[in-house]
Amino acid sequence: MTELRRSVCALDCPDTCAVLVQVEDGRATKLMGDPHHPVTRGFLCAKVTQYLEREYHPRRLLYPQRRVGPKGEGRFERISWKDAVAEIAHRLQSIAAEFGPESILPYSYAGTMGLLNGSSMDRRFFHRLGASRLDRTICSSTGTAALNLTLGQRTGTEPEQFAHSRCIIAWGASVLNTNVHLWPFIVEARRAGAKLYVIDPLPTKTARLADVHLAINPGSDAALALGMMHILFRDGLADREFLRQHCDGWERVEEDVKAYTPTKVSAWTGLSAEQIKTLTRDYATIRPSIIRMNYGIQRNERGALACHAVSLLPAVIGSWKEVGGGFQLSTSSGFPLNRAALERPELQNVSPLGREARLLNMAELGKILAGALDDMPLAPPVKALVVYNSNPGAIAPNQNRVHDGLRREDLFTVVLEQFQTDTARFADILLPATTFLEHTDLYAAYGHYHLQLARPALAPPGECRPNVDVFRDLAKAMGFEDPCFDDTDDDLLRQALDSPHPFLKGITLERLEAESSIRASVSPEGTPYLPHAGGVFGTPSGRCEFHPERLKYVPPKESRLGGQDALGSYPLELISAKMERGLNSTFGYREDLNAACGEASFHPEDAAARSIAPGSSVRIFNRRGSVRLTARLDAALKPGIVSIPSVGWPSGAVDGQGVNVLTSDALSDLGGGPVFYSCLVQAELAEP
Ligand SMILES: Nc1nc2c(c(=O)[nH]1)N[C@H]1C(S)=C(S)[C@@H](COP(=O)(O)OP(=O)(O)OC[C@H]3O[C@@H](n4cnc5c(=O)[nH]c(N)nc54)[C@H](O)[C@@H]3O)O[C@H]1N2
Ligand SMILES: Nc1nc2c(c(=O)[nH]1)N[C@H]1C(S)=C(S)[C@@H](COP(=O)(O)OP(=O)(O)OC[C@H]3O[C@@H](n4cnc5c(=O)[nH]c(N)nc54)[C@H](O)[C@@H]3O)O[C@H]1N2
Ligand SMILES: [Mo]
């Protein structure tokens, strides 16, 4: 018997697709995009179309296991859930008693974007325990901090409106790789004559299909945005009425940007003065115009400055007023769910700590495990690490330092996973987790405004269990008696939906059950959402805020522009951006994917200077580490830049070294985010 079941893709992606699962005799045979969903529109991306291969993969983890043999070797023996839970509870209790509960650190990110399995029972558990809190910065915290400066919230133009745009700027956004469900709306706009600009140092697939590709120097976007403001104010292209009515601080910025002449900006960005002028005129005069900025722009030392500067442009030209105008980085603020009810931060008060626990930045995991943050000893040291929904052994910066930490014999590590990743290999106890097709969850989105519910479409294989169940059991085993540890999945769903905010008005579990996807009430039914048309902003002043004291461009230290002393030794800039067929490290069990991550692209000039030919084995290195890869040549690449797709599994690389051995664990200019794309390296032919 064949039937179609509904699910929602849980992968960390702006699109959060409505998925149809074709099930024959209990086994899924095909995944499809729901044709009725307004953003999914009947298709899935290259990765999720093939997700069933992952779902039924012979290397899925099926049973709880305990480490045998040395840490990191990846040898385990099967144990029962009962023993696993008892052992974890016992170890955490004794570590908390000896070193204090803050010596325990949870480490999780968005392996699933589901709210239940991502941030509910787990948070309750760690709050009640008094464990260190994790500052979840690895992806977007720099951009979030910048949007909070400008807009005071994360709202942006909905994807459906891009069809009405006539000038579209994809700024640090590789739409076809990372946000492919926006593309059909862009195609629709282009059919009606829209012009597409791509501002990206790399010649991505999206850039190659654009009307204009501006291959900007990494980390110089703020200079470009300030240069655009210079021209907009100078040439009478600014919407002074919008600025006067709805914005603060712009008068000083108008003065300050007089210094950002096209000639000066040209030197920083590597774009010609003519390109900068044409871009600016088109942006101001071909209307409606819109900016799709993605998080690629903020993974550098000047990321927040860039996001702040670019996110001001729609206010300068008044494009927030137009359907198909404005800006999108994130739509997260469209879902003001009751997260406090899900996470229960007040449980910290009844923990042995009796107060809010310290906050540790996940982008600094290597330093944390080494026991020192910026050379200040960490007290108490971290003695236990509980990892779920994340693979820091592959994705965290300065990987050698991270692996040194994970290898520590005195660190008790628990990993909840679907596969034996490069983090799981270091586990003391390894627990098998369900996939999104196998558990209940609720999904907000960061690239559209539709809230979705998924019930299990498939039975879990072996003894796989949802994170919610595991943390519920651990709470019991630790003797936590608060009734919130008895909450069922449906209790959690109802608590999350219990929000007084008008955006969620009328969205109940019953309605979600029946409709599975419901648009948040961000605007009246059938009308487009113009988040800032009326000049309402979530900032302290309630206005769009220009911060003149921050809007001063200086190139990143670790960049060719930064002129750092290292330049002599490390003259190439590495960008390890997302790949089409991967989703961070989630598909790293695939050999073809690791092979793709084992290729570095060079401009032919940079290759020739090093006697590198296509197919050469090369060593790419800096002070932090070294990787061995196969060279590719790409004449469309900007000279001075090396591109390596991210992120493979280090254990799947020819030399066991992932790209993140090269990346820095310095932090961005605001929000404590990582700086993956501020990375200088050198390359040479490898010994055969
Ligand atoms: N297929 C696929 N989809 C994904 C992911 C994936 O791994 N694969 N990852 C998901 C996740 S976690 C996220 S956060 C989103 C991210 O989605 P994006 O932000 O779109 O992804 P990135 O590849 O990090 O960056 C986008 C582009 O920014 C460019 N870039 C790098 N530095 C600069 C700079 O200084 N200035 C400018 N203007 N551009 C720069 C990169 O070359 C890249 O092409 O995508 C999600 N979707
Ligand atoms: N060099 C470089 N490094 C990067 C980036 C880059 O662009 N370049 N991007 C950065 C960014 S933007 C991000 S967001 C991070 C992403 O880093 P992570 O958040 O660590 O994402 P993934 O690598 O996809 O790993 C997610 C893991 O969660 C597991 N998982 C999925 N669902 C569940 C579940 O329900 N339960 C449990 N227990 N496990 C589950 C998956 O099997 C997978 O191994 O990487 C960062 N690292
Ligand atoms: Mo991300």
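Heads up: the structure comes first, above all this text.
Presented here is an overview of the structure given in this document. Fair warning: this is a prediction, and the values are worked out from it, not measured in the lab. (Residues numbered from 1 in each chain as written. Chains lettered and ligands numbered in written order. Predicted model: local features only at pLDDT ≥ 70, side-chain atom pairs only at ≥ 80, totals over all residues. Heavy atoms only, no water.)

A look at helix α19 (residues 467–477)
Those residues of α19 not exposed but buried are N467, V468, V470, F471, R472, L474 and A475. Directly after α19, the chain includes G479, whose backbone phi takes a positive value near 80°. (Buried < 20%, exposed > 50% of the residue type's maximum accessible area, 1.4 Å probe, protein only. Helix = DSSP H or I, 4+ residues; strand = E, 2+ residues; numbered from the N terminus.)

Let's talk about the packing of aromatic side chains
In total, this model carries 18 aromatic pairs according to the counting rule given. With a centroid separation of 5.7 Å and 45° between ring planes, the pair formed by F125 and F471 is classed as tilted. In this pair, F125 sits in helix α4 (residues 121–129) while F471 sits in helix α19, placing the two residues 346 residues apart along the sequence. Accessibility classification places F125 together with F471 in one group, the buried group. Between Y449 and Y529, the ring centres sit 5.2 Å apart and the planes meet at 90°, which makes this aromatic pair edge-to-face. Taken together, the positions of Y449 in the loop between β20 (441–443) and β21 (450–454) and Y529 in the loop between β22 (517–519) and β23 (544–545) put the pair 80 residues apart, joining distant regions of the chain. The pair formed by Y449 and Y529 is uniform in burial state, with each residue classed as buried. In this structure, R78 packs its charged tip against the face of Y63, placed 3.4 Å from the ring centre. For the cation-ring pair, R619 lies above F621, with the distance from its terminal atom to the ring centre recorded as 4.1 Å. (Phe/Tyr/Trp six-rings, centres within 6.5 Å; stacked < 30°, edge-to-face > 60°. Lys NZ or Arg CZ within 6 Å of the ring centre and 35° of its normal.)

Some points on the layout of surface pockets
Roughly 1,200 Å³ of internal volume is contained in the second largest pocket. If you go around the second largest pocket, you meet 36 residues; those closest to its centre are Y109, R123, R136, R154 and R339. If you list the elements that add at least two residues to the lining of the second largest pocket, you get α3 (115–119), α4, β7 (133–135), α5 (141–150) and α15 (339–343). Ranked by residue count, the leading element in the lining of the second largest pocket is α4, at four residues. In terms of residue class, the lining of the second largest pocket is made up of 15 nonpolar, 12 polar and nine charged. A domain-level breakdown of the lining of the second largest pocket finds at least three residues from each of domain 2 (65–139 + 341–452 + 460–519) and domain 3 (142–329). (1 Å grid on protein atoms, 1.4 Å probe; cavity = no way out; pocket = protein on both sides within 12 Å on 5 of 7 lines; lining within 4 Å. Points joined across faces, edges and corners; volume = space filled by probe spheres on them. Nonpolar A, V, L, I, M, F, W, Y, C, P; charged D, E, K, R; others polar. Domains from an automatic or database assignment.)

From the geometry alone we can't say anything about function, so treat these as descriptive.
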